[in-house]
Amino acid sequence: MYSHGSESLIKQAREIQDSELQKFHSRLIKLLQGKELGHETVDSLQRLHLILSATKYTRTLPPELQKRLQSLLSSPAEQFQALSSAVLRETLPLSGQDVNYNQENISQLNSHAAALLLSQAGSRADLSSLCAQLLRTLESRQSEGPAHWLTHTLPILNTILTHSPECLTEDHVTLLSKKLVDWLRYASITQGGGASSGGFFTGPRSRQPVPIAELDGTVSSDFFTVLCVGQGFTEDQWMNVYSFSMLRHWLLTYHSVSNANSTSDTAQRLQLSLSHSHSFSNDDRSEVDGSVVSMVSATSSSSRLLPPKERLREKAFQYCQRLIEQSDRKALKRTDADLQKACLVEAVCILDCVCEEDASLVYRTFPSIKALFGRLSSDLSFARVLLPIAQFYLNHGEMAAVDCEGVWKLVFGRFPAELFNDHFLAHELLRFLRLNLESLQLRVPQYTHTFPNLLKFLAWDSPAVVDDFIDLLPSLVTSGTAVELLHTLLDLPCLSATLVLQVRSTCLPISEPGGRGLLSLDAFRNPTFRGLFLFLLRGEAGSGDTIDRLSTLHELLAETADWPRVVQCAQIVPVMLHIFFNTVITVADEKLLAHLILVMLERSSLLLNIPKYNKEIHRVFSCHLLRLCKLHPSLVVDQSHELLEFAGATANVYSREEIYTHVVWVLGEYLSVSCDSRCSVRLITSCFEALEAVLFEITSSAPPPGAARPAPRAVTALMSALAKLASRSHDLIPRVSLFLSKLRTVTRGAPVAWCSDEEDLVAIVTRGEELWSLLKAPGVAQSVLTPPPHVITPQWHRDTNVAMPLRLRVLTNLTHTK
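Please read all numbers here as calculations on a predicted model, not as lab measurements.

## Here we look at the overall build of the chain
Along its length, the chain carries 41 helices and 0 strands. Counting across all 818 residues of the chain, residues that qualify as buried make up 49%. Long-range contacts, defined here as pairs at least 24 residues apart, represent 74% of the contacts in the chain between residues at least 6 apart. Per element, the accessible surface of the chain, about 40400 Å² overall, is 53% carbon and sulfur.

## Some details on the nonpolar core
Membership of the largest hydrophobic core comes to 213 residues, with the highest contact counts inside it found for Trp250, Trp408, Val411, Phe415, Tyr447, Leu577 and Phe580. Residue contributions to this core peak at 11 residues, all from helix H28 (residues 564–587). Those residues in contact with tryptophan 408, other than ones at most four positions away along the chain, are Ala390, Leu394, Gly413, Phe432, Val444 and Gln446. Listed in part, the 22 residues of the second largest apolar core include Leu61, Leu65, Leu72 and Leu88.

## Some words on the environment of aspartate 236
Here aspartate 236 shows up in helix H11 (residues 235–253). On the accessibility criterion, aspartate 236 (16% relative accessible area) is buried. Distance in space between the C-alpha atoms of aspartate 236 and leucine 184 is 9.0 Å, their sequence separation being 52 residues. Contacts of aspartate 236, omitting those with residues within four sequence positions, involve Trp183, Tyr186, Ala187 and Ser188. Within the structure, aspartate 236 has its side chain in polar contact with the side chain of serine 188 (distance 2.8 Å).

## Description of the packing of helix H4 (residues 63–72) against helix H5 (residues 78–89)
For the pair H4 and H5, the least separation of the axes is 8 Å and the interaxial angle reads 135 degrees. Classified by the angle between their axes, H4 and H5 sit oblique to one another. Two packed elements cross with a definite hand, and for H4 against H5 that hand is left-handed. In this structure, H4 contributes Gln66, Leu69, Gln70 and Leu72 to the contact, and H5 contributes Phe80, Gln81, Ser84, Val87 and Leu88. For the contact of H4 with H5, the per-class residue count stands at 5 nonpolar, 4 polar and no charged.

Scoring rules and cut-offs
Residues numbered from 1 in each chain as written. Predicted model: local features only at pLDDT ≥ 70, side-chain atom pairs only at ≥ 80, totals over all residues. Heavy atoms only, no water. Helix = DSSP H or I, 4+ residues; strand = E, 2+ residues; numbered from the N terminus. Buried < 20%, exposed > 50% of the residue type's maximum accessible area, 1.4 Å probe, protein only. Contact = heavy atoms within 4.5 Å. Areas by Shrake-Rupley, 256 points an atom, 1.4 Å probe, with all protein chains shown as cover. Core = buried A, V, L, I, M, F, W, Y, C linked by side-chain atoms within 4.5 Å. Polar contact = N/O pair within 3.5 Å; in protein donor to acceptor, adjacent residues only side chain to side chain. Axes fitted to C-alpha atoms, helices over the stretch in contact; angles between N-to-C directions. Parallel < 35°, antiparallel > 145°, perpendicular 65-115°, else oblique. Left-handed = near helix turned anticlockwise from the far one by under 90°. Nonpolar A, V, L, I, M, F, W, Y, C, P; charged D, E, K, R; others polar.

Structure (structure tokens):
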């Protein structure tokens, strides 16, 4: 929302009168006619932009003012460039009017003028025409116009390529590919800016061209690249840099241009322009005046016979090979070392692109990529360079029949284990996994077993990477990893705390005189508990499902429960558990699902004590316990012993009310012959007796000291489960009826110790009366409390195969008054 002052200014701008606006235009024209443009001019331009942008319709400017604003696009002050461009964009020509891309507009190119030029293009034809004009400027000699033309042309073409690649015709693609070959491979190899050799009598005649240098200071003996240095750069050297910056994007996009977009008129215009500068049919050395052929290109003279796209791929391959060779040189400056890493990333990505388009290049590329990996793999500071190398191995390793084991050990092993707190690497590694999920599952068998390492990113910075793991987690759930993965997700807050302790352990001294240390940090350094923390920090699955001494670990990490990083991690775990259970039901058999039920029952009491964390986990467990039993009712009979043991523990009513209530409901609902033929009367009786003992205990005595009263929902769930079980074994009806009849007298006596709320007590007694009334007619009770599936599944009032809809319509007509 706007502030009150901003709303007032916008209102004034909308309500300005035409007469006042004309006066304002005249005053602004006089300001722009002055030799010096000061703060008053800036303020007036800002006000004009507000007036134009505050209205819904397009305003027109006086021709004189528009001309002055266009001249500001080439102002040396960027502030005036930005303001004039913003104002002119608010007065764009209406649709249907032709946009004039003349040489004067093109010659004023800078970032703000380019923004105006692109916003004027209202259709694909406009953009195509603009591309033709821009490509024509690429053929202009420096003497024909301003030197900064070319520096803005490629970025504009790259922007057009990003948003509307279809506006480029096949002729555009061919011509620009040829120009990129020129700039990439045949830029000048001498320094620009008139470098002098020194001396007192130095003059124009005595100045000798100085060759470009490498980053280590040696004289370059090969063609110019972005990693060459000098005191100044020529225009074609700058175009070399710009070409390299857009090369990968161009390679990824140009193949989508259809040959049907080709227009003969555009081709004739551009070919005529090209004919004035050079001919592409001659030797490579004639393409750029003064260019020198390097030793690399001398061995590939056949490339000059290739079509433009293939030729560009060949030159891109040579360029990237040279960058890899240059990256082995020791840079004299730290910024140059960072530049080497950035260029390596781009070079490997470009090589991956050209190998995707031309498989024959894979065998020429892999030796250098393999050598590069061997050189960088021991230095984790090159981790972001090694990820594109991993992508290259993933895409082409199978074709080249190379061993990729070392690459995956590095990517899935050392990277997460040692660089889990590197935010940029986490983003790029998780992005790499998401983009290649199917390939990794097919070609990297150990991928699914690396989840203990990968989850370190989630444990360290949950909010930043939760979206990535929402997509990645299903791929990690298999029948072999499900149980251990569930334990790992539940221990994720413990892992988060352990990672914090690991970082602090390396930063803080072992002992601080007079200081108060962290008990958890002392435990982390203590050899006695080292095994607990090492298990959390394990790199691969398979060493065990969980920790035997979980309660001990939770005691050691008790003080970490309020650490922000741990709290954030705990908030993410329920989301991950929902994804886990939604996936596991698609890959697991009944045996595995039965094991997961046992894990839920066991781990419901073994969680790090974080506020609200336990309740959230119990809620997730309850939800998916019902879902699993509904899909496979036989699970209740399979795990009846464990479920009865859990439901028969009175303490669970007070400490785990959510999941306890649902376990009782599951027992009452699915412990039936109709769900599983193995369900015997003996099993029903044993379950009845266990639940009856719990219900009698919690309703006949006060709760334990310090414990809350049993939840009314748990009491009614126990009553309903007993009634359901009794309806299936009529010998049990007198026992439950006796209890329910006694419950009716509760409200007439003294205050009830196990229920303090009167409304809850009334609800419990009412439910008891309903069940007692139903059990008076056992046949009715069974059909009401446990209706058969064919009764509850169909919607009888909508089924056209039965007479119920007809009867309902007849009754409706009879009851309606006419």
